[in-house]
Amino acid sequence: MSLEECIGKIVLPVLKENQYEEYPYSKSGTGFRICHNNNHFFVTAEHVVNDA
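A few points on the structure. (Residues numbered from 1 in each chain as written. Predicted model: local features only at pLDDT ≥ 70, side-chain atom pairs only at ≥ 80, totals over all residues. Heavy atoms only, no water.)

### A closer look at the pairing of strand E2 (residues 25–36)
Rule in force here: The pairing criterion for strands is at least two bridges between them, as found by DSSP. In this text, helices come from DSSP runs of H or I with a minimum length of four residues, and strands from runs of E with a minimum of two, each type numbered from the N-terminal end.
Here strand E1 (residues 11–17) pairs with E2 via seven bridges, running antiparallel. Residue Pro 13 lies in a different strand from E2, and its bridge partner there is Thr 30. Note: E2 against strand E3 (residues 39–44), six bridges, orientation antiparallel. Looking at E3, one finds that Phe 32 is bridged to Val 43. Hairpin connection between E2 and E3: a loop of two residues separates the two successive antiparallel strands, and Asn 37 in this loop has a positive phi of roughly 50°.

Next up, the structure:
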């Protein structure tokens, strides 16, 4: 498996709702999930959360 394929399985898009019926969601940014001791965390940049 290539590095690009591995990253594609780890990095997830962050979607936000918008006001267009044809395209109800748009991409706000990306992030990734971390699981540690049965706790799940989603890591992303602050501007991605503020934008949503």
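### Focus: the sheet that holds E1
Here is the rule: For helices, the axis comes from a line fit to the C-alpha atoms of the stretch in contact; other axes are also lines fit to C-alpha atoms, and the angle between any two N-to-C directions lies between 0 and 180 degrees. Residue contacts follow a heavy-atom distance rule, with two residues in contact if any of their heavy atoms lie within 4.5 Å.
The three strands are arranged E1-E2-E3 in an open sheet whose pairing can be described as antiparallel. Edge positions in the sheet fall to E1 and E3, since each of these pairs with one other strand and no more. Within the sheet, the average angular offset between the axes of one strand and its neighbour, ignoring direction, is 45°. Contacts between helix H1 (residues 3–10) and the sheet are confined to E1 and E2, with E1 contributing the most and set at about 40° to the helix.

### Comments concerning a nonpolar patch on the surface
For the record, the criterion: Residues enter patches when their relative accessible area tops 30% and they take part in no salt bridge; the joining distance is 9 Å for like charges and 5 Å for the nonpolar side chains Val, Leu, Ile, Met, Phe, Trp and Tyr. Only the protein chains shown count as cover for residues, and all accessible areas are computed by the Shrake-Rupley method using a 1.4 Å probe. Definition used for salt bridges: Asp or Glu carboxyl oxygen within 4 Å of a side-chain nitrogen of Lys or Arg. Exposure categories follow from relative accessible area, calculated using a 1.4 Å probe and restricted to protein chains: below 20% of the type maximum is buried, above 50% is exposed, and the middle band is partly exposed.
Together, Leu 3, Ile 7, Ile 10, Val 11, Phe 32, Ile 34, Phe 41 and Val 43 line one region of the surface with nonpolar side chains, adding up to about 660 Å² of accessible area. It is H1 that provides the largest number of residues to the nonpolar patch, a total of three residues. With respect to the secondary-structure elements, Val 43 resides in strand E3. With relative accessibility at 32%, the residue Val 43 sits in the partly exposed group.

### Quick word on unusual backbone geometry
With a phi angle near 50°, Asn 37 is a residue other than glycine that sits in the positive phi range. You can call Asn 37 exposed: its relative accessible area is 64%. Of note, Asn 38 is a non-glycine position whose phi angle comes to about 65°, a positive value. Take Asn 38: it is sitting in the loop between E2 and E3. For Asn 38, a relative accessible area of 72% translates into the label exposed.

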